[in-house]
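Below, each chain spelled out in residue letters.
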Amino acid sequence: QLDPENTGFIGVDTFASLVHSHELPLDPAKLDMLVALAQGNDEGQVCYQELVDLISSKRSSSFKRAIANGQRALPRDVLLDETGLGIYKRFVRYVAYEILPCEMDRRWYFYQHRTCPPPVFMAAVTLTQIIVFLCYGARLNKWVLQTYHPEYMKSPLVYHPGHRARAWRFLTYMFMHVGLEQLGFNALLQLMIGVPLEMVHGILRISFLYLAGVLAGSLTVSITDMRAPLVGGSGGVYALCSAHLANVVMNWAGMRCPYKLLRMVLALVCMSSEVGRAVWLRFSPPLPASGPQPSFMAHLAGAIVGISMGLTILRSYEESLQDQCGWWVLLLSYGTFLLFAVFWNIFAYDLLGAQIPP
């Protein structure tokens, strides 16, 4: 009735009267965005498809335009000048400044943030890693250099080249750690960087990025370091960290996090030190061992995933990934790598006569 010619548009005044007359229970924030979109076009009309996208919470490329035209609907002092906030709201404001490079995005994120769903993925992964480490530590009575214990490498969670057919090991190795120092480093970064990223970008994007780094790490080891086992969540951790650091560098002028240069240097020093330690343990183990020590290639593979795929994810706040050509190119590249790695693990070990340790 409102659109007899089936154009997909109606006037904004007509839509507003429709909302008020029927008392539709629509999210006020989404209504503000829709009105902003309508006021942004020449004829002041509401688009049916934009309405559907907003109500269904679909990420839309029109988000920037909506906020640009509707920022007067947001409190001007929503981030800088608002006082009397609770602890959680202050943390949300900190996350907005820490993660997002654009002031308009920061204001909108703070304005529309909801506590549900909470950032449970990174917390659950970290808690599981701690529980698994404590169980093996108590069982083996060993809290550092656990890989030197003969029973440790028999775990069904560790990636070992001799058990490549057990495909779950390419992911579950992320729950095992060499010792307290590796677990502490990974857990700290996962909570300090992973939780804020998950709060902003959502559980699906961050879990995909983390697991993509973990899987790329184990597959890269199976190709480049064919005799080495693998433990630790460094592939996923480095995917998150490198993606965040690359996002900060790419948007340096817009980032408002305090002491960003000092924090960048400290992060790079810590990550480099962890890689150096992993290389040292791999090639110059401090104790005699019956076989090769865990590889360090997962760190580098995770960093590559973060800089490529992760940077695309973090730069697309509230924008649909499937609408971006670059995203599909990266996804195709990652899929091609996975396919190559699968065939490599099936055929290359026998063809090359790789000597797999016990």
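Residues numbered from 1 in each chain as written. Predicted model: local features only at pLDDT ≥ 70, side-chain atom pairs only at ≥ 80, totals over all residues. Heavy atoms only, no water.

What to know about the overall build of the protein chain
- Broken down by element type, the protein chain carries 14 helices and two strands.
- Within the protein chain, buried positions represent 48% of all 358 residues.
- Roughly 17,900 Å² of accessible area belongs to the protein chain as shown, and the carbon and sulfur atoms make up 65% of that amount.
- Put simply, the protein chain has 27 plus and 25 minus side-chain charges, and the middle of one group is 13 Å from the middle of the other. (Helix = DSSP H or I, 4+ residues; strand = E, 2+ residues; numbered from the N terminus. Buried < 20%, exposed > 50% of the residue type's maximum accessible area, 1.4 Å probe, protein only. Areas by Shrake-Rupley, 256 points an atom, 1.4 Å probe, with all protein chains shown as cover. Lys, Arg positive; Asp, Glu negative; His and termini not counted. Charge placed at Lys NZ, Arg CZ, Asp CG, Glu CD.)

What about unusual backbone geometry?
- In this structure, P117 follows C116 across a cis peptide bond, with omega equal to 0°.
- By secondary structure assignment, the location of P117 is in the loop between α6 (103–112) and α7 (120–140).
- Even without being a glycine, N141 presents a positive backbone phi close to 55°.
- Positive phi, normally seen in glycine, also occurs at Y259, with a value near 55°.
- You can see Y259 is positioned in the loop between α11 (234–250) and α12 (260–283).
- For Y259, a relative accessible area of 66% puts it in the exposed group.

Focus on the packing of aromatic side chains
- As enumerated under the stated definition, the model contains 10 aromatic pairs in all.
- Relative to W344, the ring of F340 has its centre 5.8 Å away and its plane inclined at 45°; by these criteria the two rings are tilted. With F340 and W344 both in helix α14 (residues 325–352) and four residues apart, this pair spans about one turn of that helix.
- Over the ring of F110 we find K89, and its NZ or CZ is 4.4 Å from the ring centre.
- Against the face of Y349 rests R164, its NZ or CZ located 3.8 Å from the ring centre. (Phe/Tyr/Trp six-rings, centres within 6.5 Å; stacked < 30°, edge-to-face > 60°. Lys NZ or Arg CZ within 6 Å of the ring centre and 35° of its normal.)

Some remarks on the UniProt feature "active site" (unreviewed entry) in the protein chain
- Look at the UniProt record and you will see "active site" (unreviewed entry) annotated at S234 and H299. A stretch of 66 residues holds the annotated residues, and the largest C-alpha distance among them is 5.5 Å, short enough that they meet in one place.
- Taking relative accessible area as the criterion, S234 reaches 3% and is therefore assigned buried.
- Locating H299 in the fold gives a position in helix α13 (residues 297–314). (UniProt positions renumbered as here; feature names shortened; annotations may be inferred.)

Quick notes on the UniProt feature "transmembrane region" (unreviewed entry) in the protein chain
- Sequence positions flagged by UniProt for "transmembrane region" (unreviewed entry) are, in local numbering, residues 120–139, 170–191, 203–223, 235–254, 261–283, 295–314 and 326–347.
- Within the segment residues 120–139, helix and strand shares are 100% and 0% respectively, and the terminal C-alpha atoms sit 28 Å apart.
- Helix makes up 80% of residues 235–254 and strand 0%, whereas the separation of the span's terminal C-alpha atoms amounts to 28 Å.

Observations concerning the packing of α11 against α12
- Contact geometry for α11 and α12: axes closest at 12 Å, N-to-C directions at 150°. One way to sum up the angle between α11 and α12 is to call them roughly antiparallel. Once α11 is placed against α12, the crossing between them reads as left-handed. Side by side, α11 and α12 meet where S234, Y238, C241, S242, L245, V248 and V249 of the first sit next to M264, A267, L268, M271, E274 and V275 of the second.
- A per-class count over the contact of α11 with α12 returns 10 nonpolar, two polar and one charged. (Axes fitted to C-alpha atoms, helices over the stretch in contact; angles between N-to-C directions. Parallel < 35°, antiparallel > 145°, perpendicular 65-115°, else oblique. Left-handed = near helix turned anticlockwise from the far one by under 90°. Contact = heavy atoms within 4.5 Å. Nonpolar A, V, L, I, M, F, W, Y, C, P; charged D, E, K, R; others polar.)

Focus: a nonpolar patch on the surface
- A cluster of nonpolar side chains, contributed by L339, V342, F343, I346, F347, L351 and L352, occupies part of the molecular surface with about 750 Å² of accessible area.
- Within the secondary structure, F347 is located in helix α14. (Patch = residues over 30% accessible without salt bridge, like charges linked within 9 Å, V, L, I, M, F, W, Y side chains within 5 Å. Salt bridge = Lys/Arg side-chain N within 4 Å of Asp/Glu carboxyl O.)

Topic: the pattern of salt bridges
- Throughout the structure, instances matching the rule amount to five salt bridges.
- A salt bridge links R263 to E98, with the nearest nitrogen and oxygen atoms 2.3 Å apart. One end of the pair, R263, is in helix α12; the other, E98, is in helix α5 (residues 87–99), with 165 residues separating them in the sequence.
- Note on R263: relative accessible area 29%, which makes it partly exposed.
- Salt bridges linked by common partners bring E181, E274 and R277 together as one network.

With respect to the side chain of H177
- Take H177: it is sitting in the loop between α8 (169–172) and α9 (180–201).
- A distance of 3.2 Å separates a polar atom in the side chain of H177 from a polar atom in the side chain of N186.
- Once residues lying within four places of it in the same chain are set aside, the contact partners of H177 are Q129, F133, Q146, Y152, Q182, L183, N186, V231, G232 and G233. (Polar contact = N/O pair within 3.5 Å; in protein donor to acceptor, adjacent residues only side chain to side chain.)

Looking at the side chain of Q190
- Secondary-structure assignment places Q190 in helix α9.
- Here Q129 takes part through its side chain, which lies 3.1 Å from a polar atom of the side chain of Q190.
- The residues touching Q190, leaving out its near neighbours within four places in the chain, are M122, V125, T126, Q129, V195, Y210 and V237.

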